[in-house]
Amino acid sequence: MYARRRRKYFLMMGGCIVLFVSAWAVVRLWSMPVAIAMCVVAMVIPPVAAMVANRRGPEDRWWDDPSGDPESDEWWDELDGRKRH
């Protein structure tokens, strides 16, 4: 899952860079409002990319990781109905 999230993040950030560069290198020569609109769209992409990269899927079991405290881990395993081997 980590590789998939990382790939999505880099694709989105690559798209952001392409939008910025193409807006000011090419599109501004024909239409300044379109270039500005492209930059506004590119401005929204980084926060969305960060949310996508940090989102946990249902198969990411980060809450099941041991805490390091054997007594606490044993207590939580008992509550969950699991036994650690």
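Residues numbered from 1 in each chain as written. Predicted model: local features only at pLDDT ≥ 70, side-chain atom pairs only at ≥ 80, totals over all residues. Heavy atoms only, no water.

1. Remarks on the overall build of the protein chain
Put simply, the test is: Counting from the N terminus, the helices are the DSSP runs of H or I reaching at least four residues and the strands are the DSSP runs of E reaching at least two. Only protein chains enter the accessibility calculation, which uses a 1.4 Å probe; a residue whose area is less than 20% of its type maximum is buried, one above 50% is exposed, and one in between is partly exposed. Here a residue-residue contact requires only that any non-hydrogen atoms of the pair lie within 4.5 Å. Only the protein chains shown count as cover for residues, and the accessible areas themselves come from Shrake-Rupley with a 1.4 Å probe.
On a plain count of helices and strands, the protein chain comes out with three helices and zero strands. Reading the helices (α) and strands (β) of the protein chain from amino to carboxyl end gives α-α-α. Across the 85 residues that make up the protein chain, the buried fraction comes to 19%. Put simply, of all contacts in the protein chain between residues at least 6 apart along the chain, 46% involve residues at least 24 apart. Carbon and sulfur atoms provide 65% of the accessible area of the protein chain, an area that totals close to 6,900 Å².

2. Here we look at the nonpolar core
Grouped burial of nonpolar side chains is what soluble globular proteins tend to show. Put simply, the rule reads: Buried residues of nine kinds, namely Ala, Val, Leu, Ile, Met, Phe, Trp, Tyr and Cys, make up a nonpolar core once their side-chain atoms join them within 4.5 Å.
Ala23, Val27, Ala35, Met38 and Cys39 together form the largest nonpolar core, which totals five residues. It is helix α2 (residues 32–54) that contributes the most residues to this core, three residues altogether. Beyond its immediate stretch of four places on either side in the chain, Cys39 contacts Phe20, Ala23 and Trp24.

3. A look at the confidence of the model for the protein chain
As a reminder of what qualifies: Residue-level confidence of the predictor, termed pLDDT, takes values from 0 up to 100.
Averaged over every residue, the pLDDT of the protein chain is 85; residues scoring 70 or more account for 82%. Of all secondary-structure elements in the protein chain, the lowest mean pLDDT belongs to helix α3 (residues 70–80), at 78, while α2 reaches the highest, 94.

4. Regarding a nonpolar patch on the surface
Our working rule: A patch is a set of surface residues, each over 30% in relative accessible area and not in a salt bridge, joined within 9 Å for like charges and within 5 Å for the nonpolar side chains Val, Leu, Ile, Met, Phe, Trp and Tyr. Should a side-chain nitrogen of Lys or Arg be within 4 Å of a carboxyl oxygen of Asp or Glu, the pair is scored as a salt bridge.
Side chains of Ile17, Phe20, Val21, Trp24, Met32, Ile36, Val40, Met43, Val44, Val48 and Met51 sit close together on the surface and give an oily, nonpolar patch of about 1,000 Å² of accessible area. When residues in the nonpolar patch are grouped by element, the largest group, seven residues, is from α2. Along the polypeptide, Ile17 turns up in helix α1 (residues 2–25).

5. Concerning the packing of α1 against α2
Our working definition: Fitted lines through C-alpha atoms serve as axes, helices being fitted only where they are in contact, and the angles separating the N-to-C directions of these axes extend from 0 to 180 degrees. Here roughly perpendicular refers to angles of 65 to 115 degrees, roughly parallel to angles under 35, roughly antiparallel to angles over 145, and oblique to all remaining angles. By convention, the crossing between two helices is left-handed when the near helix turns anticlockwise from the far helix through less than a right angle, and right-handed when the turn is clockwise. Amino acids outside the nonpolar list (Ala, Val, Leu, Ile, Met, Phe, Trp, Tyr, Cys, Pro) and the charged list (Asp, Glu, Lys, Arg) are all regarded as polar, and Gly is one of them.
Two numbers describe how α1 lies on α2: the axes approach to 8 Å, and their chain directions differ by 165°. Regarding the angle of α1 to α2, the classification is roughly antiparallel. In the crossing of α1 with α2, the sense of the turn from one axis to the other is left-handed. Grouping the amino acids of the contact of α1 with α2 by side-chain chemistry returns 23 nonpolar, one polar and two charged.

6. Here we look at the state of the cysteines
Threshold: Only a pair of cysteine sulfur atoms within 2.5 Å qualifies as a disulfide here.
Within this structure, the stated rule accounts for zero disulfides. Not part of a disulfide, Cys39 finds its nearest cysteine sulfur in Cys16, a span of 9.0 Å. Its relative accessible area of 12% is what places Cys39 among the buried residues.

7. A look at a negative patch on the surface
Under the convention used in this document: Asp and Glu count as negative and Lys and Arg as positive, but His and the ends of the chain are not part of the count. To locate a charge, take NZ of a lysine, CZ of an arginine, CG of an aspartate or CD of a glutamate.
A surface patch of negative charge is lined by Asp69, Glu71, Glu74 and Glu78. Note that Glu74 resides in helix α3.

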